Amino acid sequence: MAISDYLFQVSPVPMLVFDTKSFKFIIVNDAAVKLYGYTKEEFLAETIRLIQPAQYTEGPEIKHITKKGKIIYVNIERTIINFEGTEAILMVSSDITEEVKIKNTLKTAAQRFKSMIQNGADMVSLISPEHNYIYLSPALLKFYTGDIDSTMMIGKNIRDFVHENDYERLETLLSDIYLKKNIQLTPFRLRNADGEWRWIETLVTNMLNDPAVGGIICNSRDVTERISNEAKIKLTVEKYNIISKATSDAIWDWNLLTDHISWNKGIKGIFGYKHLPDNSTSGKWWTMHIHPEDRERVMNNLHNHIRDKISRWKDEYRFLCADGTFKYVLDRGFMVFDEDGISVRIIGSMQDISQRKQEEQWSRLLESVVINATDAVLICTGNVEGSGQSIIYVNEAYTKMSGYAKHELIGASPRISQGPETDVNEINRLKIAIENNIPCQIEVINYTKQGNEYWVSQSNAPIADTSGTVTHWISIQRDISQNKKYVREIEEQNKKFKDIAWIQSHLVRAPLARVMGLVDLLKNFVPGEETDELLIHLESSAKELDSIIINIADKTPKSRF
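Because the structure is a prediction, the values reported are computed rather than measured.

### Some thoughts on the overall build of the protein
Scanning the protein from terminus to terminus reveals 18 helices and 21 strands. Counting only residues that meet the buried cut, the protein has 37% of its 561 residues in that class. Sequence separation of at least 24 residues holds for 42% of the intrachain contacts in the protein that already meet a minimum separation of 6. For the protein, the computed accessible surface area is about 33600 Å², with 54% contributed by carbon and sulfur atoms.

This is the structure in structure tokens:
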């Protein structure tokens, strides 16, 4: 419900809206329903003639008729309005029946009644020096008895109706009437016809020496609502003061009519302004202490809330401290509107969020690093490896490496990438590390969604909250398949070199020794029939050595460069 609709409905003054052409009612408020006795549905089915028949349009006062047939006198104010596209008349109807009756009575009354109404109070009475009632106005009679019959009230002492805790104070105040012409009594409580205690404010006038009056005139009015509101305001102020002392925020109260801002101690403790007179500033002072880059945005936001009558306002900006530095603040305010819907006051609190802003900046920086990292990053919940953990975050590099889409990984177990060749011993090392909340690095074979093997080096570390409880685990993984391939190739080369070394040290030495021995024999040999046999042995040994060398050459790793 809009504020205007709410104010229309809760207004104590009867209001009715009807079409200027058909005179049919469009909307009425609760006060009109109470005054005339018709329901809203009954009103909306009829025209203005329901309460103002043609025969009641004549005379000095406007007369209306209620559902029960009672004639009442009303004061009417009409305003032409546009109601949801329809030209209509807003009629404000004030019941002045009692006033008319009093006026008619006073026309024929004596000087006493003329004197009694000169102060224009709502409830009028005349009491004797002993504080007995001599006369009561219809309004006061209605207050006391619910009727305007005065016979049951004349001669009664006011003490019979005053709250026992107020009477002694009232007696003391009334004793001054013999020394002064007029006395304004502080509010006291009277019991009405329903047995309720109502707060009454009274102006007392000494007319004892006036022969036409011969008594004390009391002009009274019911101020119960005002006293109740004052008590609520007092309670609110007390709560405000308590909150101001208890909170570490800077609490402020800005009177928009005077442009005066009252601050609590937070303006000193948080921002260092220790020499502000009465902890007070102007609205301009606050505005000029907003960072120049934030000022226009913040002020536009605030003015929009005031213009659009939005009660709650919130903004974040940088505020200048006494030492010349700026702090990030979260400022929240609640607007107070007057009866016309105009914002007259804002009460709020300013919280220092500099640390949070710094943490947010670091978080955004770290998030950017994680998102753009070439290494795969995986974050899990839980502190029990396996089914007790579930994936809550993976970066783009992880999805590329694993072949799974992000939605397939979120909520899954981190074991999703394990397979037949995944080293159980390495996984057990990780499990022990998780159970003991200690970092761990392992190298295992993982499997893509398509079932392809790849080697990863995993650096796993626990993440704890402010209480030290481990709530998450982060795993940074790097594909080392290519490295593993290089290692296997190097190992194979080393094996071949070992085989060559064995061949060189065992197989080559035998034929080589024979060749060397045959050469020595040939050097010292006398030509004869055995020459051919030596040459045959020499040739055989040379061929054997050549075969071995060819075998070594075949086993020697080819250069990759």
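### Considerations on the sheet that holds strand β11 (residues 250–255)
Spatially, β13-β12-β11-β16-β15-β14 is the arrangement adopted by the six strands of the open sheet, whose pairing is antiparallel. The open sheet has two edge strands, β13 (280–282) and β14 (312–320), and neither has a second partner. Here the average twist between neighbouring strands, direction ignored, is 25°. Here six bridges tie β11 to strand β16 (residues 343–352), and the two strands are oriented antiparallel to one another. Its bridge partner being in β16, Trp252 is matched across the sheet by Gly348. This element, helix α11 (residues 292–307), spans β11, β14, β15 (326–337) and β16 of the sheet and lies at about 160° to β14.

### Remarks on empty space enclosed by the protein
In this structure the tally under the stated criterion is three cavities of 30 Å³ or more. Along the wall of the largest cavity there are 20 residues; nearest its centre are Pro414, Leu430, Gln458, Asn460 and Gln477. Counting residues per element, the ones that place at least two in the lining of the largest cavity are β17 (376–381), α15 (424–435), β19 (440–447), β20 (453–464) and β21 (470–479). Per element, the largest residue contribution to the lining of the largest cavity is four residues, and it comes from β21. In terms of residue class, the lining of the largest cavity is made up of 11 nonpolar, eight polar and one charged. Estimated volume of the second largest cavity: approximately 110 Å³. When residues of the lining of the second largest cavity are traced back to their parent elements, those giving at least two are β6 (123–127), α6 (138–145), β8 (182–191), β9 (197–207) and β10 (215–222). In terms of residue class, the lining of the second largest cavity is built from 12 nonpolar, three polar and no charged.

### Points about the pattern of salt bridges
Across all of its chains, the model carries 19 salt bridges by this definition. With its nearest N and O atoms 3.2 Å apart, the salt bridge here joins Glu201 to Arg226. Of the two residues, Glu201 sits in strand β9 while Arg226 sits in helix α8 (residues 224–246), which places them 25 residues apart along the sequence. The closest approach of N and O atoms between Glu293 and Arg318, which form a salt bridge, is 3.1 Å. In this pair, Glu293 sits in helix α11 while Arg318 sits in strand β14, placing the two residues 25 residues apart along the sequence. Exposure remark for Glu293: the relative accessible area of 63% places this residue in the exposed category. We classify Arg318 as buried; its relative accessible area is 17%.

### A word on the environment of Leu203
Inspection of the secondary structure assignment puts Leu203 in strand β9. Looking at Leu203, the relative accessible area reads 26%, which means it is partly exposed. Between the C-alpha atoms of Leu203 and Ile183, which are 20 residues apart in sequence, the distance is 5.9 Å.

### Some remarks on the sheet that holds strand β1 (residues 15–19)
Strand pairing in a sheet takes place through backbone hydrogen bonds and is either antiparallel or parallel in direction. The five strands lie next to each other as β2-β1-β5-β4-β3, forming an open sheet whose pairing is antiparallel. One side of each edge strand has no neighbouring strand; the edge strands of this open sheet are β2 (25–28) and β3 (62–65). Between one strand and the next, the sheet's axes are offset by a mean angle of 40°, whatever the strand orientation. Pairing between β1 and β2: three bridges, direction antiparallel. Bridge pairing in β2 places Phe18 opposite Phe25.

### Remarks on α15
With 12 residues, α15 ought to run about 16 Å at 1.5 Å a step, and its terminal C-alpha atoms sit 16 Å apart, in line with that. Every buried residue of α15 is listed here: Glu426, Ile427, Leu430, Ala433 and Ile434. Angular distribution of buried residues about the axis of α15 spans 115°; they occupy a single face of the element. In α15, the exposed residues that point more than 90 degrees away from the buried face are Val424, Asn425 and Glu435. Where α15 is buried, its residues touch β19, β20 and β21. The opening residue of α15, the one whose side-chain oxygen lies 2.9 Å from the backbone nitrogen of Asn425, is Asp423.

### Describing the confidence of the model for the protein
On average, residues of the protein carry a pLDDT of 81, and 77% of them reach 70 or more. Contacts of residues 116–121 to residues separated by more than four positions or lying in other chains number 12 contacts, the stretch itself having pLDDT below 50.

### Examining the pairing of strand β4 (residues 71–83)
Of the strand pairs in this sheet, β3 and β4 are connected by four bridges, and their pairing is antiparallel. Counted as the bridge partner of Lys63 is Tyr73 from β4. The hairpin turn running from β3 into β4, its antiparallel successor, is five residues long, and Gly69 in that turn takes a positive phi close to 85°. Here β4 pairs with strand β5 (residues 86–95) via 10 bridges, running antiparallel. What sits directly across from Ile80, in β5, is Ile89. In this antiparallel pair of consecutive strands, β4 and β5, the connection spans two residues, and Glu84 shows a positive phi of 50°.

### A look at the packing of aromatic side chains
If you walk through the whole model with that rule in mind, you get 17 aromatic pairs. Aromatic pair Tyr133 and Phe161: ring centres 6.5 Å apart, planes at 55°, arrangement tilted. One end of the pair, Tyr133, is in strand β7 (residues 133–136); the other, Phe161, is in the loop between α6 and α7 (164–174), and 28 residues separate them in sequence. Given a relative accessible area of 13%, Phe161 falls into the buried group. Ring centres of Phe271 and Phe319 lie 5.0 Å apart, and the angle between their planes is 65°; this geometry places the pair in the edge-to-face category. Placement of Phe271 in the loop between α9 (266–269) and β13 and of Phe319 in strand β14 is noted, with a sequence separation of 48 residues between them.

### What about the environment of Arg226?
By relative accessible area, which is 33% here, Arg226 ends up partly exposed. Expressed as a C-alpha distance, the spacing of Arg226 and Trp199, which sit 27 residues apart in the sequence, is 8.9 Å. Beyond its immediate stretch of four places on either side in the chain, Arg226 contacts Pro187, Glu201 and Arg221.

Basis of the calculations
Residues numbered from 1 in each chain as written. Predicted model: local features only at pLDDT ≥ 70, side-chain atom pairs only at ≥ 80, totals over all residues. Heavy atoms only, no water. Helix = DSSP H or I, 4+ residues; strand = E, 2+ residues; numbered from the N terminus. Buried < 20%, exposed > 50% of the residue type's maximum accessible area, 1.4 Å probe, protein only. Contact = heavy atoms within 4.5 Å. Areas by Shrake-Rupley, 256 points an atom, 1.4 Å probe, with all protein chains shown as cover. Pairing = 2+ DSSP bridges. Axes fitted to C-alpha atoms, helices over the stretch in contact; angles between N-to-C directions. 1 Å grid on protein atoms, 1.4 Å probe; cavity = no way out; pocket = protein on both sides within 12 Å on 5 of 7 lines; lining within 4 Å. Points joined across faces, edges and corners; volume = space filled by probe spheres on them. Nonpolar A, V, L, I, M, F, W, Y, C, P; charged D, E, K, R; others polar. Salt bridge = Lys/Arg side-chain N within 4 Å of Asp/Glu carboxyl O. Expected span 1.5 Å × (residues − 1). Arc of directions from axis to C-beta. Polar contact = N/O pair within 3.5 Å; in protein donor to acceptor, adjacent residues only side chain to side chain. pLDDT = per-residue confidence, 0-100. Phe/Tyr/Trp six-rings, centres within 6.5 Å; stacked < 30°, edge-to-face > 60°.

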